[in-house]
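Here is what each chain is made of, one letter per residue.
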Amino acid sequence: MIRSLFAHALVCVCLFLALDASAQANPLFQQAVEDQLAQAPTGTEFGVWIGRPDGEVLFAQNADKVMPTASSIKVAIMIELFAEYEDQLDRPPNGVKEIIQADNPAFAHYTQKQRNEVIEHLAEATVAEIGYRMVHTEGAPNRVYNGASNIAIALLGGPEKTTARIHDRDPAFAEIIVNRYMLADRTVNGENTATPKSLAAVLSKLSSGAVTGLKDETVKRMHEILKLDSRDGVTSYGKSGSLSSDPVTRILSGWDESNGETVVYAIMGSAPKGAAGGTATFKRLKPTVAHLRAAVTDTFLPVDADILLRSGTLFIGDESEPKVGNLAIRGDKIVAVGDFPIGSVVWDIDCKGLAISPGFIDLHNHSDNPILRPATRSAANYLTQGCTTLVTGNCGSGPVIAGAYYDKIDERGVGLNIAHLLPQGSLRSRVIGDTNRPATKEELAQMCELAERAMNDGVWGMSTGLIYVPSSYADTNELVEIASVVSKKGGIYASHMRGEGTGLLEAVDEILEIQRRAEIPVHISHFKSSGKDSWGLVRIAIEKIKDAQKEGAIVTADQYPYTASSTSLGATTMPSWARSGSRADTVKRMQADNEEGARIRAAIEKKLELTDNGHRIQIASFKKKPQWAGKRLDEIAQEEGISTLQLVLNIEEAGGAQIVNHSINEEDVRYVMTFPWVATASDGGAKIPGASVPHPRSYGTFPRKLGYYSVREKNVPLAHAVRSSTGLPAEILGMTDRGFLRPGLVADVVVFKPDELIDTATFVKPHQYSEGVEYVFVNGEVAINEGKLTGALAGKALRKTPKSDETN
């Protein structure tokens, strides 16, 4: 710890000493540099100049350090090219074909094939087109991109004369040296070089429009060429550059405009090539420079906001330490996070003492039908938990034709976002029915075809419910075939496994086999060991999973933070083989006075024995006897004067019941949630208060995880609990537009009181909303304001873009 603190202090001291004397103090950007130095390859140096077009310095570090570069000096070369041909920018210059020859030094290092590529793209190109190709790589090979610069340098008289022209234009450009043509042998000709300050000087002149000797319209043409796609409210111009030689360099330079202000930047990262080679070093260096470039906009440009969440504790969603700061929302996007200059604000919300987090993503939800009903489409019981996205189609049950389902969601309006999984049980039922038999070759092909259609319609993967009929009738081979289709389209395989009791380890073996054979990320739904005779098995299962992860398998899980599960009474007490066909078929077999009937009744009795004669099983809802809701099986049997076995038989004959099964060990619950690959999920559904007594997880899962297990019990850090509910589920699904508090992502945001966040729903009184959530924003619209539901239906269907066949 002491060594760590000393190293941190030493970095700060060295960083301070490296700052140029002309730089104004900017602790935020200094911290950004320090953070990225910690991420960059050993020996990295950053050269940075940030300022205004008039030369005002906002930040400078190693700004006068000469660094090797190539691509980044192309803007200076382009200025000279456009100055030379200013009156014929839209005509081809003379002599280009002659330049692209083997005996011309500009292309002596090109093969004939490479010269042919340049001829194809640029032999008849206008001056403006050559300038565009100098700074844009898309649509042509890299050799053409660099070849355009070589044509420009040759048209200007070669490297030495080009350098002289650049220096004559402005003394501030004096450190820009063109020693060679692009891609030529740098060991013979030397590196092209520049300093951050000299690069920034070029861009400052260009951004201000004050380029000596150039017409305004010429400068505007260059602006258009350098213009980049940018986020709302900020117009960006820029040029990147890189070298994989020693030292490896990565350069980003340009300027941003917002609110009538302009900030110019030149960021150069330089690192020794290292033992792993230039490519490996460059891969590490690239994101560090990109993060610094992003920090320029966040730090130095004022941000306009429709909504400003001010002075809250920011939980980014990645388990980093929370920090006090601001968050700006414009439209449906997050536009700034942290400490940034604030521009015009429409709605300013004081969040002092409050936590600001990404909206919670419920990976395992059963709102497939409720979300389409007027009474429950707002999903108020989830909004009050801080949820902004629900994932439906779980446990193998739900709509198979995803496109039609998504369309209904968008047509009718919903309170939060819905992402869907292809339900394998419903898929099998659609093709085969509920019969316990293998699929034929033709049926399997039909299921695979429907799976591909669902992936193209935007589902995020496939789910199975392998204790339910007919999902359970599929063998491993059948599951692998369909999962392989899902894998090729970029989806996941999520499974309520075949066993969550004494068969847990065998069930984990099966899901790992599916992962290997289908080459697909696998996800274990509501991970637990259920039943007293299986308590502790989940710890052994975790070791199996960790071993698979070490071998490269992508294996994740989710968990609801309760010691009870909930499903149908039949699925809880009867084996799946007993439930083939219709309910009438099942009841007939169950009551039959033969060997099969006796086997079924014996299996039910065994289950009742493990649940303390049914005391651990609580009725959630039973249509024939709604007054039984909330009561335990043994209590009802005693009141009725019958055995618990007979009670189960009677209930199944009358249509079945939903139950809550108190079957999970508290210490197992606490242990499972500590792992970084275990997400939080409810396994519940959208509800409104009524006579039923369902599992309280539909009202309290997320506040229970954060408020009870994290804040009060200290079982996991709050940042860990937030990540398990936000960034982790987004990563599991492959969502890239939400799940974190980052500029450019969708504004799904929850603001809560950390010390007051708590679930109030109980197993006796489950229809009680959670407390402590102050604000919820869904796609930038306020769904909860000062703790009150607004009634907004701002959610939408979230469709995954399937992986194309070309990227497989």
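The rules we used
- Per chain, the residues get numbers from 1 upward, laid out in the order the sequence is written.
- Local features in this predicted model are restricted to residues whose pLDDT is 70 or higher, and side-chain atom pairs enter the listing and the counts only when it is 80 or higher, whereas totals over whole chains, interfaces and linings include all residues.
- With hydrogens and water excluded, all non-hydrogen atoms of the structure serve as input to the side-chain values.
- To pair, rings of Phe, Tyr and Trp, with the six-membered ring standing in for Trp, must have centres within 6.5 Å; the planes then decide the type, stacked if under 30 degrees apart, edge-to-face if over 60, and tilted in the middle.
- Only protein chains enter the accessibility calculation, which uses a 1.4 Å probe. A residue is then buried if its area is under 20% of the maximum for its type, exposed if over 50%, and partly exposed in between.
- The criterion is that NZ of a Lys, or CZ of an Arg, lies within 6 Å of the ring centre and within 35 degrees of the ring normal, and then a charge sits over that ring.
- Salt bridge criterion: a side-chain nitrogen from Lys or Arg within 4 Å of a carboxyl oxygen from Asp or Glu.
- Helix and strand labels come from DSSP, where a helix needs a run of H or I of at least four residues and a strand needs a run of E of at least two; each type is numbered from the N terminus.
- What the arc covers is the set of directions going from the helix axis to the C-beta atoms.
- A contact between two residues is defined here by any heavy atoms of the two lying within 4.5 Å.

> What should I look at first to understand the packing of aromatic side chains in this one?
One pair of aromatic rings is described through two measures. These are the centre distance and the angle between the planes. A full pass over the atoms with the stated rule returns 16 aromatic pairs. When the ring of Y405 is compared with that of Y406, the centres are 6.3 Å apart and the planes differ by 25°; the resulting orientation is stacked. Like Y406, Y405 is buried. Here the aromatic rings of Y708 and Y709 are separated by 4.8 Å at their centres, their planes lie at 80°, and the arrangement is edge-to-face. Owing to a relative accessible area of 25%, Y708 belongs among the partly exposed residues under this scheme. Residue classification places Y709 among the buried positions, given a relative accessible area of 0%. Between the NZ or CZ atom of R599 and the centre of the ring of W577, over which it lies, the distance is 4.1 Å.

> Mind showing me how you'd approach the pattern of salt bridges here?
Tallied over the entire structure, the rule returns 37 salt bridges. In this structure, D318 and R742 form a salt bridge, with 3.8 Å as the shortest nitrogen-oxygen distance. Of this pair, D318 sits in the loop between β9 (303–314) and β10 (323–330) while R742 sits in the loop between α28 (727–733) and β26 (749–752); the two residues are 424 residues apart in sequence, bridging distant segments of the chain. In this structure, E713 and R670 form a salt bridge, with 2.9 Å as the shortest nitrogen-oxygen distance. In this pair, E713 sits in the loop between α26 (697–712) and α27 (718–725) while R670 sits in helix α25 (residues 666–672), placing the two residues 43 residues apart along the sequence. Judged by its relative accessible area of 15%, R670 is buried. Connected through salt bridges with shared partners, the residues E80, E84, R165 and R169 form a single ionic network.

> I keep staring at helix α23 (residues 633–640) and nothing clicks. Help me out?
Among the residues making up α23, those that are buried are L633, I636 and A637. What you see down the axis of α23 is that its buried residues fit within an arc of 100°, all on one side. Summarising the geometry of α23, the exposed residues directed more than 90 degrees from the buried face are Q638 and E639. For α23, the secondary structure elements touched by its buried residues are α20 (569–573), α22 (595–610), β23 (617–621) and α24 (644–653). In the stretch just after α23, G641 is the one whose phi turns positive, near 70°.

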